[in-house]
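# Descriptive structure summary
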There are 2 protein chains.
Amino acid sequence: MLSRAEALALDASDPLAPFSKHFLLPQGIVYLDGNSLGALPLATSDRLVQLVRKQWGEALIGGWTTHDWLTLPRRVGDKIGRLIGADTGQVLVADSTSINLLKLLAGAVELQAPRSVILSQDGNFPTDLYIAQGLAALSGHRCRLRTVNPSEICAAIDAETAVVLLTEVDYRNGARLDMAAITACAHERGALILWDLAHSAGALPVALDACAVDLAVGCGYKYLNGGPGAPAFLYVAHALQPRLRPFLTGWLGHAEPFAFEADYRPAAGIERFLCGTPSILSLVALECGVDLLLEAPMDAIRHKSLALGDLFIDLVEGARLDFALASPREGEGRGSQVCLRHPQGYAIIQALIRRGVIGDFRSPDVLRFGFAPLYNRYTDIWDAVAALTAVMDAAEWDRPEFMRRQSVT
Amino acid sequence: MLSRAEALALDASDPLAPFSKHFLLPQGIVYLDGNSLGALPLATSDRLVQLVRKQWGEALIGGWTTHDWLTLPRRVGDKIGRLIGADTGQVLVADSTSINLLKLLAGAVELQAPRSVILSQDGNFPTDLYIAQGLAALSGHRCRLRTVNPSEICAAIDAETAVVLLTEVDYRNGARLDMAAITACAHERGALILWDLAHSAGALPVALDACAVDLAVGCGYKYLNGGPGAPAFLYVAHALQPRLRPFLTGWLGHAEPFAFEADYRPAAGIERFLCGTPSILSLVALECGVDLLLEAPMDAIRHKSLALGDLFIDLVEGARLDFALASPREGEGRGSQVCLRHPQGYAIIQALIRRGVIGDFRSPDVLRFGFAPLYNRYTDIWDAVAALTAVMDAAEWDRPEFMRRQSVT
C-alpha cells in the first residue's frame with residue numbers, strides 16, 4: 001500500500017504537475033469529476049473579459065471579421081483535431097453533442113441506404129440513443145436503432161447496418177472499446193462508424209485519421225475544460241465530406257451565407273456542418289481549455305491517467321471496502337475514470353462530497369471517479385480513498401440528508 | 001428639417017435616455033447595427049467573471065444545482081416571454097434560431113399530417129427557408145416549402161398548408177407583417193403558425209398569447225443584446241405543448257434526464273424542447289441584456305423606435321440624396337429599422353463606416369439602419385444622416401478600398 005508520503009513523492013516527480021497551477025482549484029476540495037465538468041483554466045475569465053469588452057464592446061458587428069469570429073468554429077476545431085489525431089479541416093466546433101450526432105447520423109443513414117440500422121451499444125449514453133430514436137421518427141422510420149452488448153458489436157454488424165454508433169469510453173463504467181479493431185470491422189462489413197469521444201478527447205490518445213474513422217462527435221465541457229455547456233465538436237473524414245449531406249441546413253453551413261440566396265447549397269468542406277450562428281463567448285472559453293491541453297504531451301496524460309486509476313483501485317482494494325469494481329482492472333481497457341458499485345452509492349457520494357471529495361453517482365448504483373491528469377495529483381487520489389474509507393468505516397452515508405436526489409452528468 | 005440643436009433637445013427629454021449609460025458605446029461611433037449585433041451591456045463582463053470564477057471555478061459540477069444552471073433556459077425564457085407577450089412556461093432559451101426552427105417545424109408538420117406544406121414568405125431570412133428545405137429532405141419529403149409574396153400569404157393558406165412560417169419584421173426592408181390578422185387567418189384555415197421574431201423581440205411590442213400564436217422562435221444577439229452568437233429562444237403555446245412531439249431528442253428534453261433511461265420520453269412542459277446541454281456562459285450573458293430591456297416600458301421603446309425611424313427618413317428625404325426608400329414610409333408598417341436602396345449600397349456603407357457610422361449592407365443593394373431605442377439617440381440619427389450626406393455629396397464611396405467584400409448579418 002502506497003503511503004501518503006510516497007504519493008507526495010510521485011507528485012514531486014510528475015512532469016504534468018506544473019499544469020495544475022493553470023487551473024482554479026478550490027482549497028480543500030479533491031475534484032474527481034472533471035469527466036462531468038472540467039475545472040476552470042485561470043486564463044478563461046481574463047480572455048472572456050477581453051473578448052467581451054475589447055471585441056464585442058468596441059468592434060461590435062465588425063468583430064465577425066476583424067477578430068475572426070467567423071472562422072473560430074474551424075480554428076478551435078483544428079486545435080481539437082490535434083488532440084484526437086485529426087488532420088486540419090475535419091473538425092468543427094458547433095452546437096451540442098446531441099445536435100452534432102443528429103447531423104452526422106442523418107447524413108450517414110442517407111448515404112448508406114438501403115441499409116437502415118444504426119447499431120449501438122447497450123448502455124450507451126442516453127443522448128446518443130435518444131437522438132438515433134428521434135432520427136428514426138423524423139425520417140419516417142427509414143432507419144432504426146438496434147443496441148447490443150458492447151462485446152458483441154463486431155458480430156452484430158451485418159448487411160443492414162448503415163452506421164455503427166459507439167462511445168469509446170463508457171460513461172458509466174469507464175470501459176474503453178477498441179477503436180481500431182471495431183472501425184476496421186465496420187468497414188469490412190460495409191458500415192460507416194461514428195465514435196462519440198465525450199470521455200476520450202483530452203483524456204487519452206485518439207487516432208481518428210490513423211484508424212480511418214468516418215465520423216466522430218465529442219464534448220467540450222469534460223476533459224477539454226470549456227465550461228458548463230461548452231459547445232461540442234464534430235469530425236467528418238475528408239473523403240466523406242463531399243458525400244455527406246447536411247440536413248440541419250442552417251444559414252452558416254451555406255456555400256455563400258452572405259449571398260442570402262433562397263435555396264440551400266452546402267459549403268464545400270467541414271463548414272457545411274455549421275448550422276446557426278455559433279456562440280463566440282463559449283467558443284473562446286473552450287479555446288482556453290484546449291490551448292492548455294495542447295501544451296501537454298498526450299502520452300504523458302495517458303500515462304498519468306492510468307497511474308492515477310491504478311493507484312485508486314489499489315488503495316480501494318487495499319482498504320477492503322465493500323465495493324465491487326465496475327471498471328476494467330487493467331488500464332488499457334479503461335478511459336480516465338474508475339467506477340465502483342454499491343447499493344448505497346448515491347448516499348456514499350453525498351457523504352464524500354461533504355468531506356470535500358467530489359465524485360459523482362450514476363443510476364442505479366455506480367460511484368464514478370474521473371481523473372484529469374492536468375490538475376489531479378497522486379495525493380488527491382490518496383486523500384480521496386482515505387475519505388472514502390472514513391465514510392464507509394463510520395457508515396457516514398447512512399444519514400437522512402444524504403437521501404437520494406438528482407445528480408448531474 | 002430638424003436641426004441638431006432640436007435633436008439634442010429630443011435627447012434631453014427622452015425618457016429612455018438614461019439607459020444608454022448601461023451600455024459600452026465606443027467613442028465617436030454611431031451604431032445603427034443593433035439589429036445585427038446588439039451593443040454590450042456594461043453589466044455583462046462582471047457578470048461573466050462572477051459566473052466563471054465564483055460559480056464554475058468554485059462550485060464546479062455542483063453549480064448545476066447550487067447555482068440553478070439547470071433551470072436557466074426556462075428562467076431566461078420566462079423573462080423573454082415578458083417582452084413578447086408570453087405567459088410563463090412557454091418560452092425556452094436553447095440552441096440557435098435555426099435549430100429551434102427545425103424542432104418546431106418538425107413537430108408541427110407531424111401534427112398537421114396529411115397537410116404537408118410549409119408556407120413562407122418570399123425573401124424570408126435564408127435560414128428559415130433552408131431549415132424548411134432540410135426538414136423536407138430529412139422527412140423523406142413528407143413536407144415541402146412553398147413561398148409566396150408576403151402580401152399574398154393569407155390568400156395562399158389552403159387545405160394543404162400545415163404551418164405558416166413567417167418573420168414578423170423583414171430583415172431586408174424592415175416591413176412588418178400583421179401578426180394578429182395573419183395568425184387568425186391561418187387558424188381559420190386550419191394551419192398552425194410559427195413566427196420568427198428575430199427582428200421583433202426587444203424592439204417592439206409582441207403579443208404572442210393575445211394573438212393566439214402557436215409557435216415562435218427568435219434571436220438573442222440582436223435587440224436582446226446577448227452577445228455574438230447568443231443562444232436563441234423558442235415559444236410553444238401551452239395548449240400545444242403536450243401534442244407537439246420533439247424530434248430533436250437530446251437528453252435534457254427527457255422527462256427524467258438523470259434517470260439515464262434507454263428510451264426517450266419527452267418532458268411534460270416546454271423543457272421537452274431542450275436538446276443537449278445548454279451553454280451557461282451564453283445564457284448568463286443573454287440574461288444581462290434581457291434584464292436591461294425588462295426595465296424599460298415596451299411602449300416607450302416602440303414610440304422612440306418609430307420616432308428615430310421617422311426622423312431618419314425625414315432627414316434623408318430632406319437632404320435629397322439619391323436613395324430609394326426600401327422600408328414602409330408609415331411607422332406602423334415597420335419594425336425598428338429603415339432601409340434604403342442604391343446600386344452602390346455596399347461601397348456607401350463602407351464609406352459611412354469609415355466616418356464612424358455603422359449600418360450594414362444586404363445584397364443586392366440595401367443599406368440597412370437599425371434603431372435600438374435603449375442606446376441610440378436622436379442626435380445619432382442626425383449625425384448619421386449628416387455623414388451619409390457628406391459621403392454622397394463627395395462621392396466618397398467611389399474608392400477602391402470600398403469595393404465589395406463579405407458582410408455579416
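So, how was this worked out
- Residues numbered from 1 in each chain as written.
- Chains lettered and ligands numbered in written order.
- Predicted model: local features only at pLDDT ≥ 70, side-chain atom pairs only at ≥ 80, totals over all residues.
- Heavy atoms only, no water.
- Pairing = 2+ DSSP bridges.
- Helix = DSSP H or I, 4+ residues; strand = E, 2+ residues; numbered from the N terminus.
- Axes fitted to C-alpha atoms, helices over the stretch in contact; angles between N-to-C directions.
- Contact = heavy atoms within 4.5 Å.
- Buried < 20%, exposed > 50% of the residue type's maximum accessible area, 1.4 Å probe, protein only.
- Arc of directions from axis to C-beta.
- Polar contact = N/O pair within 3.5 Å; in protein donor to acceptor, adjacent residues only side chain to side chain.
- Least-squares fit on C-alpha atoms with pLDDT ≥ 70 in both.
- UniProt positions renumbered as here; feature names shortened; annotations may be inferred.
- 1 Å grid on protein atoms, 1.4 Å probe; cavity = no way out; pocket = protein on both sides within 12 Å on 5 of 7 lines; lining within 4 Å.
- Points joined across faces, edges and corners; volume = space filled by probe spheres on them.
- Nonpolar A, V, L, I, M, F, W, Y, C, P; charged D, E, K, R; others polar.
- Domains from an automatic or database assignment.
- Buried area = accessible area lost by both parts, 1.4 Å probe.
- Salt bridge = Lys/Arg side-chain N within 4 Å of Asp/Glu carboxyl O.
- Lys, Arg positive; Asp, Glu negative; His and termini not counted.

Turning our eyes to something else, we now look at the sheet that holds strand E4 (residues 91-93) of chain B. In sheet architecture, strand pairing relies on hydrogen bonds along the backbone and comes in two forms, parallel and antiparallel. Residues and elements named next belong to chain B. The mixed open sheet is built from 7 strands, whose spatial order is E4-E10-E9-E8-E7-E5-E6. Either end of the sheet is taken by a strand with one partner, and the two such strands are E4 and strand E6 (144-148). Neighbour to neighbour, the strand axes of the sheet diverge by 20° on average, direction disregarded. Sitting on the sheet, helix H4 (residues 72-83) touches E4 and strand E10 (233-236), and the angle it makes with E4 is about 125°. The sheet contacts of helix H5 (residues 97-112) involve strand E5 (117-121), strand E7 (161-167), strand E8 (192-196), strand E9 (215-218) and E10, and relative to E9 the element is tilted by about 170°.

This part covers helix H8 (residues 179-188) of chain A. One turn of an α-helix holds 3.6 residues; hence residues three or four places apart share an orientation. Residue and element names in this part refer to chain A. Within H8 the residues assigned to the buried category are Met-179, Ile-182, Thr-183, Cys-185 and Ala-186. Across the axial projection of H8, the buried residues extend over an arc of 160°, all falling on one side. On the buried face of H8, the contacting elements are helix H7 (153-156), strand E7 (161-167) and strand E8 (192-196). If you check the start of H8, you find a side-chain oxygen 3.3 Å away from the backbone N of Ala-180, and it comes from Asp-178. Trailing H8 by a residue or two, Gly-190 shows a phi angle of about 80°, which is positive.

Here we come to the relation of the copies chain A and chain B. The transform that puts chain A on chain B rotates by 180° and translates by 0.0 Å along the axis, for an RMSD of 0.0 Å. In the structure described here, the two chain copies are related by an operation that fits a two-fold rotation axis. When C-alpha positions in chain A are compared against the rotation axis, the closest is assigned to Ser139(A), at 2.2 Å. Take the interface residues of chain A: 100% of them recur as interface residues in chain B, which is what a same-surface contact looks like.

So, about the UniProt feature "binding site: pyridoxal 5'-phosphate" (unreviewed entry) in chain A. Using the residue numbers shown here, the UniProt feature "binding site: pyridoxal 5'-phosphate" (unreviewed entry) corresponds to Thr97(A), Ser98(A), Phe125(A), Pro126(A), Thr127(A), Asp128(A), Thr167(A), Asp196(A), His199(A), Tyr221(A), Trp251(A) and Thr277(A). An extended arrangement is adopted by the annotated residues: their sequence extent is 181 residues, and the largest C-alpha distance between any two is 30.6 Å. Restricting the annotated residues to those that line the largest cavity leaves Thr277(A). Looking at where Thr127(A) falls in the secondary structure, it is placed in helix H6 (residues 126-138). Excluding residues within four positions of it along the chain, Thr127(A) makes contact with Ser98(A), Leu101(A), Thr249(B), Gly250(B) and Trp251(B). One can find Asp128(A) in helix H6. If we ignore the near neighbours within four places in the chain, the residues touching Asp128(A) are Leu101(A), Leu165(A), Thr167(A) and Asp196(A).

Applying the stated criterion across every chain, the model contains 8 cavities of 30 Å³ or more. In this structure, the largest cavity encloses a volume near 370 Å³. In terms of lining, the largest cavity is formed by 29 residues, of which the most central are Asp95(A), Ser279(A), Asp95(B), Ser96(B) and Ser279(B). Listed by contribution, the elements that provide at least two residues to the lining of the largest cavity are helix H9 (280-294) of chain A together with helix H9 (280-294) of chain B. Tallied by class, residues from the lining of the largest cavity come to 15 nonpolar, 12 polar and 2 charged.

Here the focus is the domain arrangement of chain A. Residue and element names in this part refer to chain A. Partitioning chain A into structural domains gives domain 1 (4-31 + 297-402) and domain 2 (47-294). Computed from C-alpha coordinates alone, the two centres of domain 1 and domain 2 are separated by 30 Å. Listed per partner, the contact involves 27 residues of domain 1 and 18 residues of domain 2. A combined buried area of about 1800 Å² lies between domain 1 and domain 2, and 60% of that area is made up of carbon and sulfur atoms. Three residues stand out in domain 1 for area buried against domain 2, namely Met-298, Arg-302 and Gln-337, and they jointly supply 27% of the buried area on that side. In this assembly, domain 1 and domain 2 are joined by 1 salt bridge. Glu-332 serves as the salt-bridge partner of Arg-176, at 3.7 Å between the closest nitrogen and oxygen. Linking domain 1 with domain 2 are 7 residue pairs in polar contact (both at pLDDT 80 or more). Broken down by secondary-structure element, the contributors of at least two residues to the side of domain 1 that touches domain 2 are helix H10 (298-318), strand E12 (337-341) and strand E15 (366-370).

Quick look at the side chain of Asp33(B) now. Secondary-structure assignment places Asp33(B) in the loop between strand E2 (30-31) and strand E3 (40-41). For the buried Asp33(B), which has no salt bridge, the nearest side chain bearing the opposite charge is Arg368(B), at an N-O separation of 4.2 Å. Each residue touching Asp33(B), except ones within four places of it in the same chain, is listed here: Ile61(A), Ile358(B), Gly359(B), Asp360(B), Arg368(B) and Gly370(B).

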